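Structural features, examined
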Number of protein chains: 2
Amino acid sequence: MRRLVNDPYDVVEEMLEGYVLAHDKYVKLLANDGRVVVSKKTPMQDKVGVIIGGGSGHEPLFIGYVGSGFADAAVVGNINTSPSPEPCYNSVKAVDTGKGCLFLYGNYAGDVMNFDMAVEMASQEGIRVETVLVTDDVYSSATIADRRGVAGDFFVFKAAAAKADTGASLDEVKDVAVHANHNTRSMGVALSSATLPASGPIFEMEDGEMEIGMGIHGEPGVKRGKLESADKVVDQIMPYILNDLPFNKGDEVNVLVNGLGGLPLMDLHIVYRRVAQILAKHEIKIHISFVGNYATSMDMIGMSITLIKLDEELKKLLDAPCDTPYCVIK
Amino acid sequence: MRRLVNDPYDVVEEMLEGYVLAHDKYVKLLANDGRVVVSKKTPMQDKVGVIIGGGSGHEPLFIGYVGSGFADAAVVGNINTSPSPEPCYNSVKAVDTGKGCLFLYGNYAGDVMNFDMAVEMASQEGIRVETVLVTDDVYSSATIADRRGVAGDFFVFKAAAAKADTGASLDEVKDVAVHANHNTRSMGVALSSATLPASGPIFEMEDGEMEIGMGIHGEPGVKRGKLESADKVVDQIMPYILNDLPFNKGDEVNVLVNGLGGLPLMDLHIVYRRVAQILAKHEIKIHISFVGNYATSMDMIGMSITLIKLDEELKKLLDAPCDTPYCVIK
């Protein structure tokens, strides 16, 4: 095991303790719930609360995107495990200003169950909470509603959060999130498993192998095979993404080439080069690109490619300034 | 090998091609030299040119810090190899406004030789170029001038660049860089080698081992040993750093817990937690902290800890806004 931790059962608490110390300009833990990271801008006034969350181990997702112009709170589960309903509910109590809250998270069964229970709990107190599930991982199911959420979270969360900052209603913010998710597609490749601090690799993958389409928790992909060149890998992934929405000639997109943790920034830019070549060939215009570790699986070696098709409103919302520990847009 | 590249001998060119495509709002390659990344703000007026550089494989260092409020250009060598004198010279020609230029880089023999040749070449054209070497790696030598530069580059470059943006003279900018370097100390730990795309690991390190004090290219550290807990590792590193300047009770510092590439952000925050505890015990005040991959060795698993002792001027310069692909301060 090549991890630098203390007791493996304390990693989430110790990470959060370090996180709020390191980024105390931006965030704090909720006084009554150590699994809720809230923006220091809270409590705010007359604004829909934007709450994101899920299992740990995907940092900087989710906690890295709490701050100004982005999420108001993140609810933190154990590694690859949904947060329980209580912190989800506590996050609502912390950020609701009377305009209601929006839960945004990737579509995983455990998260859906626990966040939905929190919706019920809030409802009993007269607080309206709506939910939008991110479902950007094209290979995870033929049925869009059954797909998992991966790095596309980044664009969906950002668009909805920027909309909430305009003073929009809960229905309007929800509509933006639904629309952003509708326009977002991702697919990735894994070259290794992540390493769990308590038990080691989640699955075995030999050095020199890869699996295109694999999920960030190791969910099965297209096929396990011999590692190919960056260009060949991108050439196999891009048709899945482009044909799914589909993205067409004349479309404008933002691009995210996302590292899963252990792949060098060098390789991510070599991947980006090929993505840009393919988009140019299809006459799809790139507005802004992001290249780096935005949604990881701890030390997993691999990457994913995300496109979001833009219209004027999404472009404006994604361009809007934000200031969080792991995403600053001026 | 778990790298995602094409021909291993093309990685630097393909990375740079992807880099300037992805971040074209900020940077471009010099038309006459594909190994010089320059800010799109160039040519500027009446400002000392701040030029950084060194071997590739440390991304986001150096190219990630070219932009507004930071370096004007970065000169790019092959992996772990100094750039040759020509691109160093070409970077001067590209950013000099008549006020001269400052070369800033980590203290490695190859870099010193080649950047110094470029100083001579520029001098023959009447352009004054000064040099400040970063020497923050406390374990690399007992003699400060012989020490290597590692993640402390980040603070030294930022302080000097912010000074240059005030319209200061070359001597004044150089003085700030010398002072920032004087106040900066780093030390790290490696849990694995980096993987060279053409030849694999630089050195062998068994799973479960670590080497405190190791350099980012694999230079020998204190001792090779069994991997210990995050707290125990930090407890061993911090005295080297604190006793070296030394940092004293009442001092104010910025902290950088830097990932070398493959260590999860979770672990970096667990490390940060212990650093903050130790600084609190010593009554050393933390101003701003940075936690993430700022100066890597590609996929090397490990981290380094950097402290810079602040005074009013350094604090102001490090706080000054900047906008580059891999460092945005609002």
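Because the structure is predicted, anything quoted here is derived from the model rather than measured. (Residues numbered from 1 in each chain as written. Chains lettered and ligands numbered in written order. Predicted model: local features only at pLDDT ≥ 70, side-chain atom pairs only at ≥ 80, totals over all residues. Heavy atoms only, no water.)

**Thoughts on the overall build of chain A**
If you tally the helices and strands in chain A, you get eight helices and 16 strands. On C-alpha atoms alone, chain A measures out to a radius of gyration of 19 Å, which is about the 20 Å that the 2.2 N^0.38 rule sets for 330 residues. In terms of overall dimensions, chain A has C-alpha extents of about 55 × 50 × 35 Å along its principal axes. Residues classed as buried in chain A amount to 65% of the 330 residues present. Of the roughly 11200 Å² of accessible surface on chain A, 50% is carried by carbon and sulfur atoms. Taken together, the 30 basic and 45 acidic charged side chains of chain A have centroids lying 7 Å from each other. (Helix = DSSP H or I, 4+ residues; strand = E, 2+ residues; numbered from the N terminus. Rg over C-alpha atoms; globule rule 2.2 N^0.38 Å. Buried < 20%, exposed > 50% of the residue type's maximum accessible area, 1.4 Å probe, protein only. Areas by Shrake-Rupley, 256 points an atom, 1.4 Å probe, with all protein chains shown as cover. Lys, Arg positive; Asp, Glu negative; His and termini not counted. Charge placed at Lys NZ, Arg CZ, Asp CG, Glu CD.)

**With respect to the relation of the copies chain B and chain A**
The operation relating chain B to chain A is a screw motion whose rotation component is 180 degrees, with 0.0 Å of axial translation and a residual RMSD of 0.0 Å. Read as a symmetry element, the transformation amounts to a two-fold axis. Among all C-alpha atoms of chain B, that of G262 of chain B lies closest to the rotation axis, at 2.2 Å. A high fraction, 100%, of the interface residues of chain B reappear at the interface in chain A, so the copies pair face to face through one surface. (Least-squares fit on C-alpha atoms with pLDDT ≥ 70 in both. Contact = heavy atoms within 4.5 Å.)

**Some thoughts on the domain arrangement of chain A**
All names here are of chain A. What the domain assignment lists for chain A is domain 1 (10–183) and domain 2 (184–318). Taking the mean C-alpha position of each, domain 1 and domain 2 sit 23 Å from one another. Contacts between domain 1 and domain 2 engage 33 residues on the former and 40 residues on the latter. Between domain 1 and domain 2 lies a buried interface of about 3100 Å² when both sides are counted; carbon and sulfur atoms form 64% of it. Among the residues domain 1 hides against domain 2, the three largest losses belong to Y139, F155 and N183. Together they make up 25% of the total. Applying the counting rule to domain 1 against domain 2 returns three salt bridges. The interface formed by domain 1 and domain 2 holds 17 residue pairs in polar contact (both at pLDDT 80 or more) in total. (Domains from an automatic or database assignment. Buried area = accessible area lost by both parts, 1.4 Å probe. Salt bridge = Lys/Arg side-chain N within 4 Å of Asp/Glu carboxyl O. Polar contact = N/O pair within 3.5 Å; in protein donor to acceptor, adjacent residues only side chain to side chain.)

**Digging into the sheet that holds strand β6 (residues 129–134) of chain B**
Hydrogen bonding along the main chain pairs the strands of a sheet, whether they run parallel or antiparallel. Residues and elements named next belong to chain B. Strand order in the open sheet formed by six strands is β1-β2-β4-β3-β5-β6, and the pairing between neighbours is mixed. Both outer strands of the open sheet, β1 (27–30) and β6, are each paired with one neighbouring strand and no more. Along the sheet, successive strands turn relative to each other by an average axial angle of 25 degrees, direction set aside. Strand direction decides the pairing type here: strand β5 (residues 101–106) and β6, joined by six bridges, are parallel. Looking at the pairing, L102 lines up with E130 of β6. Strand contacts of helix α5 (residues 170–182): β5 and β6, with the helix running at about 10 degrees to β6, the strand carrying the most contacts. (Pairing = 2+ DSSP bridges. Axes fitted to C-alpha atoms, helices over the stretch in contact; angles between N-to-C directions.)

**Brief notes about the pattern of salt bridges**
Residues and elements named next belong to chain B. Here the structure, examined in full by the defined rule, presents 48 salt bridges over all chains. Across the pair D231 and R274 runs a salt bridge whose closest N-O atoms are separated by 3.7 Å. Separated by 43 residues along the polypeptide, D231 in helix α6 (residues 230–244) and R274 in helix α7 (residues 265–281) bring together distant segments of the chain. Close ionic contact of D251 with K309 constitutes a salt bridge, the shortest N to O distance being 3.8 Å.

**Structural notes on the interface of chain B and chain A**
Taken together, the contact pairs 62 residues of chain B with 62 residues of chain A. On the chain B side of the interface with chain A, the three residues burying the most area are R2, L4 and M266 of chain B, jointly 19% of the side's total. At the surface where chain B touches chain A, the tally comes to six salt bridges. Where chain B packs against chain A, one counts 26 residue pairs in polar contact (both at pLDDT 80 or more). Taken together, the elements giving at least two residues each to the side of chain B that touches chain A come down to α1 (11–22), α6, α7, β13 (285–292), β15 (322–324) and β16 (327–329) of chain B. With 10 residues, the single largest contributor to the side of chain B that touches chain A is α7 of chain B.

**What about the environment of Y105 of chain A?**
Residues and elements named next belong to chain A. Looking at the element boundaries, Y105 is found in strand β5 (residues 101–106). Taking the C-alpha atoms as reference points, Y105 and V156, separated by 51 residues in sequence, lie 9.3 Å from one another. Beyond its immediate chain neighbours, meaning those up to four positions away, Y105 contacts G53, D111, V112, F115, D116, T131, V132, L133, V134, D153 and F157.

**A closer look at the side chain of R273 of chain A**
With respect to the secondary-structure elements, R273 of chain A resides in helix α7 (residues 265–281). The class for R273 of chain A is buried, based on a relative accessible area of 10%. Look past the residues within four positions of R273 of chain A in its chain and what remains in contact with it is D231 of chain A together with N6, E14, E17 and G18 of chain B.

**Let's talk about the confidence of the model for chain A**
Chain-level pLDDT for chain A is 97 on average; 100% of the residues reach the 70-or-more range. Listed scores for the predicted complex are pTM 0.98 and ipTM 0.98. (pLDDT = per-residue confidence, 0-100.)

**Description of the sheet that holds strand β7 (residues 184–190) of chain A**
All names here are of chain A. Strand order across the open sheet formed by six strands is β11-β10-β7-β14-β12-β13, with mixed pairing between neighbours. Each of the sheet's edge strands pairs with one partner strand only, and the pair in question is β11 (223–226) and β13 (285–292). Shown here is a sheet whose adjacent strand axes are inclined to one another by a mean of 20 degrees, direction ignored.

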